[in-house]
Amino acid sequence: MTVTKETSAVEDAYVPSQRRIARERHKRVRARRATAVAALSTLVTGVVLYLVVVNSPGWDRTKDTFFSAHYARVALPQVLDGLWLNVRLLVVCGACVLVLGMLLALARTLRGPVFFPLRALATAYTDFFRGLPLIICLLLIIFGVPALRLQGVTTDPVLLGGAALVLTYSAYVAEVFRAGIESVHPSQRAAARSLGLSNRQTLRHVVLPQAVRRVVPPLLNDLVSLQKDTGLVSIGGAVDAVYAAQIIASKDFNYTPYVVAGLVFVALTIPMTRFTDWVTARMDRRRAQGGLV
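The structure displayed is predicted, hence computed values, not measured ones. (Residues numbered from 1 in each chain as written. Predicted model: local features only at pLDDT ≥ 70, side-chain atom pairs only at ≥ 80, totals over all residues. Heavy atoms only, no water.)

Describing a positive patch on the surface
Taken together, the side chains of Arg19, Arg20, Arg23 and Lys27 make up a positively charged region of the molecular surface. Here Arg19 shows up in helix H2 (residues 18–54). (Patch = residues over 30% accessible without salt bridge, like charges linked within 9 Å, V, L, I, M, F, W, Y side chains within 5 Å. Areas by Shrake-Rupley, 256 points an atom, 1.4 Å probe, with all protein chains shown as cover. Salt bridge = Lys/Arg side-chain N within 4 Å of Asp/Glu carboxyl O. Lys, Arg positive; Asp, Glu negative; His and termini not counted. Charge placed at Lys NZ, Arg CZ, Asp CG, Glu CD. Helix = DSSP H or I, 4+ residues; strand = E, 2+ residues; numbered from the N terminus.)

Structure follows, in C-alpha cells:
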C-alpha cells in the first residue's frame, strides 16, 4: 500500500518540461496539417476525375448502360441470392484448402531419403497447379470430369468448381505454410529435441505454432483472393452472383447488373482486407516489442 501511494504521489507530482510540451504540440499540429493536406488532395483528385468522366463524349450512353438505377434495383436481390453460393464456396473451400495445403507443406518438409517419393509428388503437385491458370483448371474439371462418365462421380458444377478451386489454391497455401515452417530457426528444433521431444512432438508443439503465426497475413490474403475467384464457378452454369448478373444483363443488353455484382464483391472483400491489415500491423508491433518469436 505504501509503495502504491508513493508511486501515485510521484506521478501526480510529475510535470512535463516546456520542451516536451512544445514537442507534443508540434506533433499535433503536423498531424492535423497532414490530415488536412491529404483530405484536400483527395477531394481535388476526386473532383477532377468526376469532371473528366462526366464531360466525356460518351458519358450519357455509358451511364445508361452501366449505371442504370432501374436495372440496379432489379439486379440487386438476385445478385444477393447468388452471393450466398459464393459465401458457401468460400467457407467450405477455404477449410479444405487449409487442410490440404498444410499436408502438402508437411510432405515437402519431410526429411530423410525414405520420404523422397512423397516429397517429389508434393513438389510436382505444387508446381503443376501453381503454373496452371485457374480458369483452365476450372474448365478441365467442370467439363472434363462429366465427359469421363464415371460411375458415382458427381457432375454438379458447384462441386466440381469447388474442387478446382481447392486444387489450385492448396498449391499456393502449401508454399505459404512451407515458407513459415522453414523460417523457424533450426535451433528451435535442436532445443526441443534436447528436452526429449520426438520429431513429431517437436513439429506439433514447437515448429507449427510458430510457423502458423508467421504466415497468418499471407493466408488471409489468399482467402481474400479465393473469395473473389469463387465467382469463376459460373462458367459451368452455377447460378452465383456473377451468373445471376449475367442472366439479367443478357435480357436487355444492359451491363448494370455486372457493376452491382462487382460492388457486392468489393463490399464483401473490404472488411476481410482491413482485417488482414489489422492482423499484420498487430503482429508487426508484437515482433518489434519482442513478443513474437
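As for the pattern of salt bridges
The final tally for this structure, using the stated rule, is 4 salt bridges. The closest approach of N and O atoms between Arg178 and Glu175, which form a salt bridge, is 2.9 Å. One end of the pair is Arg178 and the other is Glu175, both in helix H7 (residues 157–183) and 3 residues apart, which spans about a single turn. Each member of the pair Arg178 and Glu175 is classed as buried. Residue Arg178 pairs with Glu182 through a salt bridge whose shortest N-O separation is 3.1 Å. (Buried < 20%, exposed > 50% of the residue type's maximum accessible area, 1.4 Å probe, protein only.)

Concerning the packing of aromatic side chains
Evaluation of the coordinates by the stated rule reveals 7 aromatic pairs. For the ring pair Tyr125 and Phe129, a centre distance of 4.7 Å and an interplane angle of 50° mean the geometry is tilted. With Tyr125 and Phe129 both in helix H5 (residues 116–131) and 4 residues apart, this pair spans about one turn of that helix. Tyr125 sits in the buried class, given a relative accessible area of 19%. Ring centres of Phe128 and Phe129 lie 5.0 Å apart, and the angle between their planes is 90°; this geometry places the pair in the edge-to-face category. (Phe/Tyr/Trp six-rings, centres within 6.5 Å; stacked < 30°, edge-to-face > 60°.)

Details of the side chain of Thr168
Checked against the element boundaries, Thr168 lands in helix H7. By relative accessible area, which is 4% here, Thr168 ends up buried. If near-sequence neighbours (up to four positions away) are discounted, Thr168 is found in contact with Phe129, Leu134 and Cys137. (Contact = heavy atoms within 4.5 Å.)

Considering unusual backbone geometry
Phi is positive for Arg149, which is not a glycine, with a value near 55°. Look at Arg149 and you get exposed, because its relative accessible area is 74%. In this model, Phe253 sits at a positive phi of 55°, which is unusual for a non-glycine residue. Looking at the element boundaries, Phe253 is found in the loop between helix H11 (241–252) and helix H12 (256–288).

Focus: the nonpolar core
Counting residues in each nonpolar core, the largest one holds 40 residues, and the members touching the most others are Phe177 and Ile181. Among the secondary structure elements, those contributing two or more residues to this core are helix H4 (69–108), H5, helix H6 (134–148), H7, helix H9 (199–214) and helix H10 (216–229). Residue contributions to this core peak at 11 residues, all from H7. One finds Val79, Leu83, Ile248 and Ala261 within the second-largest nonpolar core, a separate group that totals 10 residues. (Core = buried A, V, L, I, M, F, W, Y, C linked by side-chain atoms within 4.5 Å.)

Remarks on the state of the cysteines
Enumeration according to the criterion identifies 0 disulfides in this entry. This cysteine, Cys96, is not joined by any disulfide, and Cys93 carries the nearest cysteine sulfur, 6.4 Å off. Residue Cys96 is classed as partly exposed on the basis of its relative accessible area of 37%. (Disulfide = S-S within 2.5 Å.)

Notes on the packing of H9 against H10
Across the interface, H9 lies against H10 with an axial gap of 5 Å and an inter-helix angle of 55°. Judged by the angle between their axes, H9 and H10 are oblique. Contacts between H9 and H10 involve Val212, Arg213 and Arg214 from the first element and Val216, Pro217 and Pro218 from the second. In the contact of H9 with H10, the residues fall into 4 nonpolar, no polar and 2 charged. (Axes fitted to C-alpha atoms, helices over the stretch in contact; angles between N-to-C directions. Parallel < 35°, antiparallel > 145°, perpendicular 65-115°, else oblique. Nonpolar A, V, L, I, M, F, W, Y, C, P; charged D, E, K, R; others polar.)

Observations regarding a nonpolar patch on the surface
Together, Leu40, Leu43, Val44, Val47, Val48, Tyr50, Leu51 and Val52 make up a nonpolar patch on the protein surface, roughly 770 Å² of accessible area in all. Within the secondary structure, Val48 sits in helix H2.

Let's talk about the packing of H7 against H9
Where H7 contacts H9, the axes come no closer than 8 Å and their chain directions differ by 125°. It follows that H7 is oblique to H9 by the angle criterion. Every pair of crossing elements has a handedness; the one defined by H7 and H9 is right-handed. Residues Phe177, Gly180, Ile181 and Ser183 of H7 touch H9, and the partners they reach there are Val207, Leu208, Ala211, Val212 and Arg214. Of the residues that constitute the contact of H7 with H9, the class distribution is 6 nonpolar, 2 polar and 1 charged. (Left-handed = near helix turned anticlockwise from the far one by under 90°.)

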